[in-house]
Each structure stands twice: as C-alpha cells, then as structure tokens.
Amino acid sequence: MRLLALSPLLALSIPLSNAVKFPVKRLNVASNSLQRRSGHGSFAPSVFAASSDDDNTMQMTNYHDLLYLANITVGGIDYPVQLDTGSSDLWIKGPTSPLPNSNVTSQTYNLTYGIGWANGSIAYAPVEFAGIKIPSQAYLDVSSALNPALSYGADGIVGLGFTSLSTVDALVNRTGASTGRSLLFNAFADNPSEPNFIAFSMQRTSDPTDDAPGTFSIGEVEDGYVAVLNSTAIPTYPPNSPSRWNVLLEAVLIGTQTISVSSSIPGVPAGNAVALIDSGTSYTYATPDVCQAIYGNIPGAKYDSSLGQWIVPCDAEVDVALQIAGQIFPVHPLDVTPTSLTDPSTCVGSFVPQSVAVGENSFDWLIGDSVLRSVYTIYDFGDFDSSGKMGNPYIKMLALVDPNEGSRDFHQVRGGTASGNITYNAANVTNGGSTSVTISEDLANTLNKIGVYVPAMLAVMALNALVIILLLITAVVYMVRRRGKGNKMRRTPGRALTPMPPRSELYDMSSMGGGDSHVYQPVSMALTEDTFVPPSPAFSKPGFAGDMSGGMGARPKSVA
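Now for a description of the structure that goes with this document. What you are looking at is a predicted structure, and each value in this text was computed from that prediction instead of being measured.

1. Notes on the sheet that holds strand E12 (residues 216-218)
Pairing is antiparallel in the open sheet, where five strands are placed in the order E12-E11-E26-E27-E14. Single-partner strands in this sheet number two, and they are E12 and strand E14 (234-235). The sheet contact formed by strand E11 (residues 197-200) and E12 spans three bridges and is antiparallel. Bridge pairing in E12 links isoleucine 198 to isoleucine 218.

Following this line, the structure appears as structure tokens:
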C-alpha cells in the first residue's frame, strides 16, 4: 500500500526545467527521479536533504494532518505559507507591515475565508516559490488577520487556484493595470515551454507503519506515481473557464452500499454533485444525508450539534470511497474517523454535515485533506496544442489506498481485527450512451408494419407540400407585379444598409467599470487544535469588507 506522509521538514528548490519537488523517502520506489508528462530534453534533478546548506532549498511541513506549509521568498525573505488550491491570492503577514523590499499601493481589502480573514494592502515584490522566480508579484501585505494557519507558525497563504478567483487581480484591474495575476499564472507565463500543472501527495501522521513521505511538485510527476498520467482526466465544472477546482462527484460508496448524490446548483447533470478539491481545508464537507449514511449505522456513533460533527467509536472501521468520472477512490479508514483535536481518546467524523458559508451556488461538497491524503493529484491548467492554444483545465487522480491494506493499517493502530475482501459497487452513470430495451413480439410486429408504410406516406406528404409551395410562389409573383405598376419610382435612392458589427465591437468591455459585483470567496478551512468552529457568515468580519461598491466588473487587462 502506497500511502503518503510528508516529512516534518522537507527541502527542495530546483529550477523548473529540472523539476520542482520535495524529496521523499518512499516504500517500494527505487528512484527519486521525476517523470515529465511533457517537456523538453533529458534531465537529472538534484535533490537536497532537509539538512542541506544549499541556498536553493525549500521546506514543507505537515501539522497534525490539518494543514500543509511551504516556504516562499518575498522581497528576499522567507515566509512559511499554507498551500491552498481553494483560493488564488498570496497574502503575507510579516513581523512588520509593509514587508521589506516591497512596493505598497493605496488599495486595501479584506479577504474572507471559510474560517478566518486577512486585511491589508496590495503590494508588489520579487517572489521565489519552489525554485521559480517572479520579478514582480502582486500580493496582499496583511496588517491584521485572524486565520488558523497563523496558529501553526504560518505567515500567510499561497493560493494555487485560477486567476479568475483572485481578488488582488480584480482590484488591480480596476486601476487599468494587468499586473495582478496569480502566482501560478505568472510562474507558467515566465516558463512557457514547461508543463503547466502542479501535483500533490500528502502525509498521514496517524499511521506509524507508513514511512512514505509525500511530495509537492510543479510541472513534474513523482516517478512512483507515473501511472497517474494514464488515468482518466477529470474535467472541471464548468469545463470552460472555471474559477475553482470543481469536479462532478457521482456517488459515495459505503461498503457494499451505493449512496446517490445530487446538486442544488442549476444546470448540474442529474445524479451528480459539484465538489471543490481544496488542499486548504482539513476535513470534507458534505450533505447531512450522506454523513448520516456514513456514520448513522455505527453502534455508539452520535451527532454532536455543539461540535458540528459525528462522534464515532475509535475502533469502528468505516470503509468509504468516492466515485468521480467513473473512477473509484477509496479513503483510508484512519482519515474517515480521525482522533479529536482536543481529546485523543475520542474520534470524530471527518465528513462534516454542513454547508459551506462561502462560495454559494459554486459547489455542493468541499473535499479537503482528509480525502486528498488517499490520492495523488494533478491540477492541470490546460494542455497546449500545436498552435499554442491552451485547452480546458482538468484534474487527474491516482488512488493510493488498497482497502484491505487500509483495514489492516486501521486495526493495527486502533485495535481489533482487520476486514477482508472489501469491495465497492460502482454507481451506473448515464452519459448519453446506448441502452438496450426488450419489447414484446406484438409491439415488434406493429413497428415492422409502420416501417413498411411510413416511406409511402412520406412520399405522398412531400408531393402535397410541393403543390402547395408552387401555388404560393404563383400568388406572390402576381401580387408583386400588380403592386409595382401602381407605385412611382423614388427620385433619390435610399442609403445602403450598413452591416451590423460583431458584438465585440458593439460593446467595448474595456470601458465598462461596473457590472456585477465581484465577491471574493476563497475557501480555506484548516482547523485549529483548540476548537472546531462551524463555518458561517460570521467569518466575514464587520468593518473590513473594503470598498467594493463599484463592483469588480470584467477584467479587460487580465486573462483568467
């Protein structure tokens, strides 16, 4: 079983052309080399140990399976930040504000997350992240913040989502500039010959038998997980120009049960739910009925309304898998019922039965680290074709959990006897394919007779239609000739009609400063050890909303 575990301190930083990765110690992997999905030439990446004295290194830390940190260099100074695929902005709260070697603007804003907020000014500084250097990156220089990541020594968050979700980019666009694009947008723009994707695997510290630390890479795939390249690409939802890493969830599999899902979002195909894949969220937020199906039948399990989670006996194994794009991804049972953040003798349900206060009408589920530790994930911003045009973004996942081995791991930690022969029944997903239908013999004979006479009937109808058309043409010609004799000719001919211009010419979007108000709703819901706080609109701190009355409108100076 190849489960991942991020070492407490992992170092890297290699130029993008030589791979960007965290070195790993993994089971059953003979090489630490990386495999390109695409790219140019051969390479032999250097790997730096955590104790390396080389300046070109980067540290990554996992805190109690709650959040994952890495170093980013802003203005020549290193800051630990949370890695977050659920948002798109970089913000830093340093010892002083503004940060050294940065240029601060007069634009201010408050970023509100699922849990926490950060208030500050837009600034520019040279940034280096995972070996990639960006001469001038827009970010939020934070002067005040309340965010769980700060409780673990982080100085901010680096958003790894789409520029279309970035509030910094939207604010900069209001000034007529195009310098507010997200960190990854700038990183890929500065390295156009490299594959524009990131890849994640995450540690599970709760399993002492697993000594396979995890990885984070840009433009490369870890050699042990090269099979992910052959997996089915999972389209984002929507497929074109998404603002988040959303995918369609098809079903939840609990042992031999198949639990159907649905969506409250208009236009979503029946039998699917929209799920945001978010590395910045500790647990997974689902609908109450699904959480009831997962935990409700466990003897001794109960829902704690004050906690907002299910309390589950620690020795109760729960076998759960998610079905996405026809693929089944088992979740390690240690992650389905992790120990409580406040009481190690108590276990809680990591599938939280609550709707998320942010991102309304954007997604139904929020899939966080509790599920993502069981998969190796590629977030691809879109492949380029031969003409240089970028395709739609997509996600690829590789299941890392063998359910039977996961059961043995679980009972080795929690006690009891492991299960065997765990199987999941995949849901039947209708995507417009062919369907076989059995009909009676009488109905078949009737259909055969209809098939014989229908051509003759159609021929008669066609002949009648032709006669009617000829009569109409004769009548129209007669009326035109009669009217022409009674009308006088114009002395001056009228002006020729001017063809209508394309819609892009009719509406100059660059001159529009209004439009719908842009509401920035990143989703970072990492938890703290002291308490679990159910997400609610209260996390939008009064008095820090910023002046957004003018609305964000379109972004003519930026490509989302």
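2. Concerning the environment of threonine 377
Summarising the element assignment, threonine 377 is placed in strand E26 (residues 375-380). With 161 residues separating them along the chain, threonine 377 and phenylalanine 216 place their C-alpha atoms 9.8 Å apart. In this structure, threonine 377 is in contact with Ile198, Ala199, Phe200, Leu372, Ile395, Lys396 and Met397, ignoring residues within four places of it in sequence.

3. Points about a nonpolar patch on the surface
There is a patch of nonpolar side chains on the surface, built from Leu463, Leu466, Val467, Ile469, Leu470, Leu471 and Ile473 and spanning about 680 Å² of accessible area. Tracing the backbone through its elements, the reader meets leucine 471 in helix H7 (residues 441-486). Judged by its relative accessible area of 58%, leucine 471 falls in the exposed class.

4. Some details on the sheet that holds strand E19 (residues 302-304)
With antiparallel pairing, the three strands of this open sheet are ordered in space as E19-E20-E23. Since the sheet does not close on itself, it has two edges, and those belong to E19 and strand E23 (347-348), each with one partner.

5. Some remarks on the environment of serine 355
Following the sequence through the fold, serine 355 ends up in the loop between strand E24 (351-353) and strand E25 (365-367). Expressed as a C-alpha distance, the spacing of serine 355 and tyrosine 285, which sit 70 residues apart in the sequence, is 6.8 Å.

6. Let's talk about empty space enclosed by the protein
Space left empty within the atom packing is revealed by a probe, the size of a water molecule, rolled over the atoms. A complete count under the given rule lists two cavities of 30 Å³ or more for this structure. By volume, the largest cavity amounts to about 50 Å³. For the lining of the largest cavity, the secondary structure elements donating two or more residues are strand E21 (320-324) and helix H5 (369-372). Here the residues of the lining of the largest cavity sort into nine nonpolar, no polar and no charged. Its boundaries defined by the atoms lining it, the second largest cavity holds a volume of some 40 Å³. Ser88, Asp89, Leu90, Gln137, Ala138, Ser166, Val168, Gly180, Arg181, Ser182 and Leu183 together form the lining of the second largest cavity. Grouping the constituent residues of the lining of the second largest cavity by class yields four nonpolar, five polar and two charged.

Conventions adopted
Residues numbered from 1 in each chain as written. Predicted model: local features only at pLDDT ≥ 70, side-chain atom pairs only at ≥ 80, totals over all residues. Heavy atoms only, no water. Pairing = 2+ DSSP bridges. Helix = DSSP H or I, 4+ residues; strand = E, 2+ residues; numbered from the N terminus. Contact = heavy atoms within 4.5 Å. Patch = residues over 30% accessible without salt bridge, like charges linked within 9 Å, V, L, I, M, F, W, Y side chains within 5 Å. Areas by Shrake-Rupley, 256 points an atom, 1.4 Å probe, with all protein chains shown as cover. Salt bridge = Lys/Arg side-chain N within 4 Å of Asp/Glu carboxyl O. Buried < 20%, exposed > 50% of the residue type's maximum accessible area, 1.4 Å probe, protein only. 1 Å grid on protein atoms, 1.4 Å probe; cavity = no way out; pocket = protein on both sides within 12 Å on 5 of 7 lines; lining within 4 Å. Points joined across faces, edges and corners; volume = space filled by probe spheres on them. Nonpolar A, V, L, I, M, F, W, Y, C, P; charged D, E, K, R; others polar.

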